[in-house]
Amino acid sequence: MGPDLTTQYLGLALRSPLVASAGPLTGRVETLQALQDAGVAAVVLPSLFEEEVEEDPLRLSDRLDTGVGTFAEATGDTGFFPDLDFDDLGPGVHLRLVEDAKSALEVPVIASVNARSAGAWVRYARMLADAGADAIELNLYDVVTDPDEDADAVEDRVNAAVRAVRSELSVPLAVKISPFYSALPALACRIAEEGADGLVLFNRFYQPDIDLDTLGVSASVALSHPSEVRLPLRWIGILRPLLPGMSLAATSGVHTGTEVVKVLLAGADVAMMTSALLRNGPAHVGQVEAELVAWMSEHEYSSVRQMRGSVSYRTAPDRASYERAQYIRTLSSYLLDHALGGAHGQ
Amino acid sequence: MTWVCLDGNDAAARVAYSLSEVLAIYPITPASPMGEAVDAWSGTDRPNLWGEVPTVVEMQSEAGAAGALHGAIQAGALGSTFTASQGLLLMVPNMFKIAGELTPTVIHVAARAVATHALSIFGDHSDVMSTRSTGFAMLASSSVQEAHDLALVSHAATLRCRVPFLHFFDGFRTSHEIGKITVLEPEHLRALVREQDVTAHRDRGLSPEHPVVRGTAQNPDVFFASREGANPFYAAVPGVVTEVMDELAVLVGRRYRLVEYVGDPEAERVVVLMGSAVGAVTEVVDALRADGEKVGAVVVRLFRPFPSDEVAAAIPSTARAVAVMDRTKEPGAPAEPLYLDVLSALHAAGRSDLPLVGARYGLGSAELRPRDVKALLDHLGAPHRAGSVTLGITDDLSGTSLPVDDSFRVPSRAVQAVFYGLGSDGTVGANKTAITIIGEQTDLYAQGYFVYDSKKAGSVTVSHLRFGPDPIRSTYLVEDDTADFVACHQFSLLERIDVLAAARPRATFLLNSPYPADEVWDHLPAEVQQQVLDKSLDLWVIDAHRVARRLGLGARINTVMQPCFFALSSVLPEQAALEALKDAVRSRYAKRGPSVVERNLAAIDASLEQLRHVSVPTEVTGGPRPRLTVPADAAAFLTDVTVPLIAGQGAGLPVSLLPADGTYPTGTARLEKRALARDLPMWDPSICIDCGKCAIVCPHAAIRTKVFESDLLAGAPEGYQSKPYRDRTLVDHVLTVQVAPDDCTGCGICVDVCPARSKEDASHKALDLVPAGERRDVERPRWDFFLSRPEVDRAAVRRETVKGSQLLQPLFEFSGACSGCGETPYVKLVSQLFGDRMVVANATGCSSIYGGNLPTTPWAPGADGRGPAWSNSLFEDNAEFGLGLRLGIDAHTDQARRLLSELGPWLGDELVSALLLSDQQDEAEIARQRVRIEALRQRIARLVDEGDSDERLPRLALLADNLVRRSVWAMGGDGWAYDIGFGGLDQVLSSGADINVLVMDTEVYSNTGGQASKATPRGATAKFAVAGKSSAKKDLGAFARAYGNVYVAQVALGANEIQTVRALVEADAWRGPSLVIAYSTCIAHGIDMATSMTHQKDAVASGYWELYRYHPAEGEHTVPFHLDSKAPTQPLRDFLLAETRFSALARSDPTRARALFSLAQQDVSERRRYYEQLAAVQRTMAHTVADPDELPESADEEVE
């Protein structure tokens, strides 16, 4: 008999710690089904962005109305386009996906939302919950560019959103944050106090790029690299002892069983994947699970529960490794190796 | 009884749809909405009366639609179609057949002028009258209600009597008028369309179960006699129609007769007419009778078979004079058709002595006002009557018009309102909603009619609304000094249009103003202030644009302005009106998502909060309206005709001033200074790289490049910008990139394509958009100075380069095309390259409208007076028309060359041989040829002066200009080239003639509002392809390439300017047929038109549009196909989803969209693979071989 892979996330019992995070593969029922078939334990659907569901229909409407009543030969009330039915404009497409995913899947379905005002957070979270989502992930995806908005204000906004949704909704609540907070443990504790059930670490922003031909700035998605897992790894390790009852999800850089093992050891309850699944297809989940099982068997771990947080900031043999001191050591050893023409310098 | 507000097209189409199984359609104004409606209903599986969903098929032309209809009804199906004007004429051959075979069907016609000296999209009966001899019965509706009711009468009667029906109503006036009517219920249709008649029709259908032949060829022995066999069927028609009308009356209470009389039973003066003018005429008859005048009107409903007895009987015996009003003109006929029919009826009734006056009126929707009708009735009572008169115009040429009392108005209890807006601001849509709310939620009757100008960018719309307790019969625009409410939805219109002419004293005036109530007065032109004071108008303002902008509604201010109208007009209690408006918003926008509904609802709430009353001062403080001026040396024609046309005063121009043959001067668009742009491009010469891209992409020729010698900068206005021009030939020249501040539409394309960015600030380009308000005054003197600099010597620039081509003067400028139009840059470029020796055949469509719709034309002469000569024949025949122009020119060139040869010894052999041998392959040689022609003329003149009487000399002088190679271009859109004109295009391409064809492929019928053509790509939604077009786009170039000797190019200016220039130059140089297919972005694609040109790059990068040139050649190992675009680097899907025509389908039917997009990707990939193979294929064009010995012996004779 193999090791026990079950885990708890946001109070939901999962068959394994492998969760598909929000991405193109979780946006369609067919691929969701394939992910479940491959063994994924839960799915996070693509975020409902407030701007998208509100601005996109306005833009479409504007385009559809171009030329309406402009000249005598094109007088139709529908302009240059036929009068189409758009059942899914606005939040509809997201709500239908939740409904369809719920009816097609047995694994828990987590819906994700990104809004601006507290009211909108609540409004869309409620819509998603009413559509049947097993849990809601608040996706705090925000780039602060206003020099008049200080860190307190930014964090107050985060907490207000969590508070507002928590007070209105009873479904389990995860909060996905970025790593760019100056005092992450304090913020994480506040989020927990406001009633969130879990934290998802971390958002990977769509980072801008500069087109060297046009000198334009473009936003494009770059798939993650396994080395990126180190960022969530550190913070999960640090947060785990601070928030023993809080669910922690690692996302960014989870590509193989190796990263899964690491984040579980650091203290994660689940490991979320997107890039690896996009690159290798839904069936990749099965391989990752096999790698996890193989590692656990080889190292004689009987359960995920046993692994969870066993190498955290509190339980690590060398806790300083999670801190700054470790950076200095790494750097100096790198420079030393480099000077000596060692392996690091190759 | 259900009251609804509909327009005439909708009213007729509903009946036709319910009573048909097959509908064959084709778009043509003003009938297109009928086809669009039935297509949309079929697309949503709306059943007909029998529970079946009718099949709707779009054909390649009206001729095709008529053929398909003919087939369907011959198969025993119930069929119908809709058309107008030229479309109806294309149906004529089939109409003879359908009628000759006694096959029931109904053609619904929104009657429209047939193109003569000019095209007119507007209403009259000239199309219908052209089909009088086809054998169709003809029933005329004069109102929206009648268009509905008589549509049913037509369908029911045709099945009973087997004679096919043409049911017509006046284009625009009825087809586009929104009226409040009661709709027929299915049981009414079922009662009148008897099952036994339907069964009998089906039984006559062709079937192998009971085979027959129909449509035989007959010999002299029986043809005539057989034809007479139809007589009893026609004899029965009046009775059948009466019977159906009577049955309808029993069912719905509306009683119609073949011929009706309105007026004094003992009338002395009577008019006979049919069509929408009945409304205005009966109003006048009633008004005059109230004053004791003995007048009346006979309304003819059944026009064919003509009910002579009924007409004669309807004219009271007391009548002393009768006028017959005809809305058509038959030049050369003794009189117009209805007149002749009435004359014949009176003769048959023994009343030949009753004096008749023929009155032509309303051609091309010319207004017929009550005062015109009164003038006619007055004329009937005059001692000296003319036999033929015209109404509504001033005919100072033949003296046919009548004196009119301009103060005459008919009394009305209706509230009248006039709204001025722009096409893009939603005013028309708002007023349609208002009419519907009033009509359907109150007991009031309501009417809406909408007038558009000829422009596509910045077009002005005027909405005329009436509502009141009595049925509304006023079939004319709201007259001056009668409107109770006037709204101006765009402040800038106050400077261009006399919006308050319509206002009655103490009327309400609602103004969308960027200025608050306490400041607005001083911003009003003096003329407007004077009218406000003189008429004691009640002035209200709102800044609707601010409200709309704040709510993310852009330029569409409809939901902001509407509540103000309701609040001020008090037609409904305010709260009820607001609720009704909100319901309308919910119903209109529900499909568009909750945020769209919410923003519009918010606009309604915000609207009334911002509405302010203006305390009108007692003094006029404003300055006068800017007046349109023409250059002092302008021809009188411009001053007398063009300027009034631009000012909207064309209806007052007398006949003598208007060219009878439709010939107008070019170069007139430059007179219209419309100042549409909200932003203007500003040039920074310090970072400009002289590339010319800005000028080549400009759709309006409103940003230009010019080089001239630097000493010509003397006298430049302060701040005039220039930079040294880098060129080996044009040394010591400077370059200026200059915007025409009053002609630019502010589309932003030049800024989008500008590749030159500041090294220090990447957001700053050599062209940046800045608010026009700041720039216009700065740029005006610069533009004038720029224009005053001489044009570059054409021979001194390399025209096959982008920047070189853009130094040539555009001879197509400032068109009224849509802002950002993808077609016009091609037209402009062609005009720059070949304009001074170019003749254009222009297919009807967008390009003929922005190219040749009065008041002005963008086609223009250059400084030397030479420029494109342009003409539009029809939609369907443009290639043939172009070929004809070529043949005509060639005939003259050949004659000139022959005369040159014959007269060589007298004219000088050296000059003559130079003239004959000139290859004219470049601008320098063309210039030299022109010098030679001038020399030739001088020599001829000298010889004549010296007494040489050879008659060939003056003939040669007349024809000599043909010795410069003329560049003949047939241009038009994909509707023409792919569909209706394809057969002719194929013929012309096969002819070997030296003709150039430019197809501006927008992949949709743009001009008529977005119907699918065979150029529409797979997966795109369009009208007539509501669910996304399932078939792939036709490869038009493949047909042309197949000939082997046709130059074919596919280009996309925004993707590759130089390839486009090269293709056009090669096409012109090719001494055989050339076809250039040009990708043309269009507002019908649903893209941001500011990125219209860069979007074309994506089209090519995704493989959606391939660039190639097929250059036929005689060499044995030549590869004629040059694939100019690289292998796709972007997924097609990304490109498709950037366009609303595709993304709308992805949102409305994602499953189908996925399937179609996948097929579209396959289309693209497969085409690429095929083209790549073609790019390696050797092909030799057939050519004359110099050495006859190389040919097989049997061919010797042919070679010799």
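All values derive from a computational prediction rather than experimental measurement.

(A) Up close: the overall build of chain B. Looking only at helices and strands, chain B has 40 helices and 35 strands in total. A compact globule built from 1200 residues would reach a C-alpha radius of gyration of about 33 Å, and chain B, at 32 Å, matches this within 12%. On the principal axes, the C-alpha backbone points of chain B span a range of 90 × 85 × 80 Å. Classification of the 1200 residues of chain B by burial places 59% in the buried group. Taking contacts inside chain B between residues at least 6 apart in sequence as the whole, the part at least 24 apart equals 77%. Total accessible area computed for chain B in this model is approximately 45100 Å², and 52% of it derives from carbon and sulfur atoms.

(B) How the structure looks around the packing of helix H28 (residues 878-907) of chain B against helix H33 (residues 982-989) of chain B. All names here are of chain B. One way to put it is that H28 packs onto H33 with a least axis distance of 7 Å and a crossing angle of 35 degrees. Taking contact as the criterion, the partners of Ala-879, Glu-880 and Leu-883 in H28 are, on H33, Gly-984, Leu-985 and Val-988. Residue composition of the contact of H28 with H33, by class: 4 nonpolar, 1 polar and 1 charged.

(C) Spotlight on helix H19 (residues 574-589) of chain B. The end-to-end C-alpha distance of H19 of chain B is 22 Å, a good match for the 22 Å that 16 residues give at a rise of 1.5 Å each. Those residues of H19 of chain B that sit buried are Ala-577, Leu-578, Ala-580, Leu-581, Lys-582, Ala-584, Val-585 and Tyr-589 of chain B. Looking at the packing, one finds that the buried side of H19 of chain B touches helix H2 (50-64) of chain A together with helix H15 (427-441), helix H18 (558-569) and helix H20 (594-610) of chain B.

(D) Structural context of the nonpolar core. All names here are of chain B. Core analysis: the largest hydrophobic core is formed by 129 residues, its most contacted members being Met-971 and Leu-998. The greatest single-element share of this core, amounting to 7 residues, is contributed by helix H39 (residues 1150-1174). Those residues within four positions of Leu-998 in sequence are excluded, and the remaining contacts are Tyr-826, Val-830, Trp-969, Ala-970, Met-971, Gly-972, Trp-976, Leu-1064, Val-1076 and Ala-1078. Ala-156, Leu-166, Val-198 and Val-237 belong to the second-largest nonpolar core, a separate cluster that totals 97 residues.

(E) Geometry of the side chain of Glu-672 of chain B. All names here are of chain B. With respect to the helices, strands and loops of the structure, Glu-672 is situated in the loop between helix H21 (636-646) and strand E23 (679-683). On the accessibility criterion, Glu-672 (10% relative accessible area) is buried. Looking at Glu-672, its side chain comes within polar contact range of the side chain of Lys-455, at 2.8 Å. Those residues within four positions of Glu-672 in sequence are excluded, and the remaining contacts are Lys-455, Ile-646, Asp-743, Pro-855 and Thr-856.

(F) Structural context of empty space enclosed by the protein. Residue and element names in this part refer to chain B. Across all of its chains, the model carries 18 cavities of 30 Å³ or more by this definition. Within this model, the largest cavity holds a volume of roughly 400 Å³. Lining of the largest cavity is provided by 35 residues; of these, Thr-844, Gly-845, Phe-875, Asn-1007 and Thr-1008 occupy positions nearest its centre. Those elements giving two or more residues to the lining of the largest cavity turn out to be helix H4 (85-100), helix H27 (846-852), strand E30 (967-973) and helix H32 (974-980). Per element, the largest residue contribution to the lining of the largest cavity is 4 residues, and it comes from H32. Here the lining of the largest cavity is built from residues that sort into 14 nonpolar, 15 polar and 6 charged.

(G) Highlighting the pairing of strand E17 (residues 445-452) of chain B. All names here are of chain B. Most of E17 sits out of view: 6 of its 8 residues are buried. Here 2 bridges tie strand E8 (residues 178-182) to E17, and the two strands are oriented antiparallel to one another. By the bridge assignment for E17, Gly-179 is matched with Gln-447. Relative to strand E18 (residues 460-468), E17 runs antiparallel, the two sharing 8 bridges. Looking at E18, one finds that Tyr-445 is bridged to Gly-468.

(H) Structural context of a nonpolar patch on the surface. Residue and element names in this part refer to chain A. Taken together, the side chains of Ile-210, Leu-212, Leu-215 and Val-217 define a hydrophobic patch exposed on the protein surface, amounting to about 430 Å² of accessible area. One can find Leu-212 in the loop between strand E10 (208-210) and strand E11 (217-219). Look at Leu-212 and you get exposed, because its relative accessible area is 71%.

(I) Region of the structure containing the sheet that holds strand E19 (residues 483-488) of chain B. Residue and element names in this part refer to chain B. Taking strand neighbours across the sheet as the criterion, the 9 strands line up as E1-E8-E17-E18-E16-E19-E20-E21-E22 in an open arrangement whose pairing is mixed. Of all the strands in the sheet, just strand E1 (3-7) and strand E22 (612-613) have a single pairing partner and so form its edges. Sheet analysis places E1 next to E8, joined by 5 bridges and oriented antiparallel. Across the sheet, residue Asp-7 finds its bridge partner in E8, namely Ile-178. Contacting E1 and E8, helix H6 (residues 144-161) runs over the sheet at an angle of about 50 degrees to E8.

(J) View of the packing of helix H5 (residues 151-168) of chain A against helix H6 (residues 184-193) of chain A. Residues and elements named next belong to chain A. Where H5 meets H6, the closest approach of the two axes is 9 Å, and the angle between their N-to-C directions is 25 degrees. If you check the angle between H5 and H6, you find them roughly parallel. Handedness of the H5/H6 crossing: right-handed. In this structure, H5 uses Glu-155, Asp-156, Val-158, Asn-159, Val-162 and Arg-163 to contact H6, whose residues at the interface are Leu-187, Arg-190 and Ile-191. Counted by class, the contact of H5 with H6 contains 4 nonpolar, 1 polar and 4 charged residues.

(K) The packing of aromatic side chains, seen in detail. Within this structure, the stated rule accounts for 32 aromatic pairs over all chains. Aromatic side chains Trp-295 of chain A and Tyr-301 of chain A sit 5.3 Å apart centroid to centroid with 25 degrees between the ring planes, which places their arrangement in the stacked category. On the accessibility criterion, Trp-295 of chain A (23% relative accessible area) is partly exposed. Residue classification places Tyr-301 of chain A among the partly exposed residues on the basis of a relative accessible area of 24%. Look at Phe-812 of chain B and Trp-859 of chain B: their rings are 4.8 Å apart centre to centre, the planes differ by 70 degrees, and that puts the pair in the edge-to-face class.

(L) Just helix H1 (residues 29-38) of chain A, in detail. Residues and elements named next belong to chain A. For H1, every residue scored as buried is listed here: Thr-31, Leu-32, Leu-35, Gln-36 and Ala-38. Relative to the axis of H1, the buried residues are bounded by an arc of 165 degrees and lie together on one face. Those residues of H1 hidden inside the fold are in contact with strand E3 (18-20), strand E4 (42-44), helix H3 (92-104), helix H9 (275-280) and helix H10 (284-298).

(M) Spotlight on the sheet that holds strand E13 (residues 321-326) of chain B. All names here are of chain B. Reading across from one edge, E9-E11-E10-E13-E14-E15 is the order of the 6 strands in this open sheet, with mixed pairing throughout. The strands lining the two open edges of the sheet, one partner per strand, are strand E9 (259-263) and strand E15 (388-391). Between one strand axis and the next, the sheet turns through 25 degrees on average, direction left out of account. As paired elements, strand E14 (residues 356-361) and E15 share 4 bridges and run parallel to each other.

(N) Region of interest: the interface of chain B and chain A. Facing the 53 residues of chain B at the interface are 39 residues of chain A. When chain B packs against chain A, the two sides together hide about 4100 Å² of surface, and 54% of this comes from carbon and sulfur. Interface area lost by chain B to chain A is led by Lys-591, Arg-592 and Arg-1147 of chain B, which between them contribute 18%. For the pair chain B and chain A, the number of links is 8 salt bridges. Taking the shortest distance from any N to any O, the salt bridge between Asp-65 of chain A and Arg-556 of chain B comes out at 3.8 Å. Between the two partners, chain B and chain A, sit 15 residue pairs in polar contact (both at pLDDT 80 or more). For the side of chain B that touches chain A, the secondary-structure elements that each account for two or more residues are H15, H19, H20 and helix H38 (1140-1148) of chain B.

Calculation notes
- Along each chain, residue indices are assigned from 1 in the same order as the chain's sequence is written.
- The naming scheme follows written order: chains are lettered A onward, ligands numbered 1 onward.
- Totals for whole chains, interfaces and linings use every residue, but because this is a predicted model, local features are given only for residues with pLDDT of at least 70 and side-chain atom pairs only at 80 or more, for both listing and counting.
- Side-chain measures here rest on the full set of heavy atoms in the structure, leaving out hydrogens and waters.
- Put simply, DSSP H or I for four residues or longer makes a helix, DSSP E for two residues or longer makes a strand, and each gets a number counted from the N terminus.
- The size measure is the radius of gyration over C-alpha atoms, and the globule rule it meets is 2.2 Å times the number of residues to the 0.38 power.
- The classification of residues rests on relative accessible area computed with a 1.4 Å probe and restricted to protein chains. Under 20% of the type maximum is buried, over 50% is exposed, and intermediate values are partly exposed.
- We call two residues in contact when some of their heavy atoms are within 4.5 Å.
- Under the convention used here, a 1.4 Å probe and the Shrake-Rupley method define accessible areas, while residue burial counts only the protein chains that appear.
- Axis angles are defined between N-to-C directions and span 0 to 180 degrees, where every axis is a line fitted to C-alpha atoms and, for a helix, only to the segment in contact.
- For this scheme, ten residues count as nonpolar: Ala, Val, Leu, Ile, Met, Phe, Trp, Tyr, Cys and Pro. Four count as charged, namely Asp, Glu, Lys and Arg, and the remainder, Gly too, count as polar.
- In a helix, the anticipated span is given by 1.5 Å times the number of residues less one.
- Among the buried residues, those of types Ala, Val, Leu, Ile, Met, Phe, Trp, Tyr and Cys that are joined through side-chain atoms within 4.5 Å form a nonpolar core.
- Throughout this description, a polar contact denotes any pair of N or O atoms lying within 3.5 Å of each other; where both atoms belong to protein, one of them has to be capable of donating a hydrogen while the other can accept it, and for residues adjacent in sequence the pair is counted only when both atoms sit in side chains.
- Using a grid of 1 Å spacing that covers the protein atoms alone, one calls a set of points a cavity when a 1.4 Å probe fits there but cannot get out, and a pocket when the set is open and has protein on both sides within 12 Å along at least five of seven lines; lining residues are those with an atom within 4 Å of a point.
- Grid points are joined across faces, edges and corners, and a volume is the space filled by probe spheres set on the points.
- Any two strands are treated as partners once DSSP identifies two or more bridges connecting them.
- Like-charged residues are merged into a patch within 9 Å and nonpolar side chains (Val, Leu, Ile, Met, Phe, Trp, Tyr) within 5 Å, provided each residue has over 30% relative accessible area and no salt bridge.
- Salt bridges are counted wherever a side-chain nitrogen of Lys or Arg sits within 4 Å of a carboxyl oxygen of Asp or Glu.
- Note on angle classes: values under 35 degrees are labelled roughly parallel, values over 145 roughly antiparallel, values of 65 to 115 roughly perpendicular, and the remainder oblique.
- Helix crossings are classified by the rotation of the near helix relative to the far one: an anticlockwise turn of less than a right angle makes the crossing left-handed, while a clockwise turn makes it right-handed.
- Pairing of aromatic rings covers Phe, Tyr and Trp, the last through its six-membered ring, and needs centres within 6.5 Å; plane angles under 30 degrees mean stacked, over 60 mean edge-to-face, and all others mean tilted.
- Throughout, the arc means the angular range of directions from the helix axis out to the C-beta atoms.
- Joining two parts hides part of their accessible area as seen by a 1.4 Å probe, and the buried area is that hidden amount summed over both.

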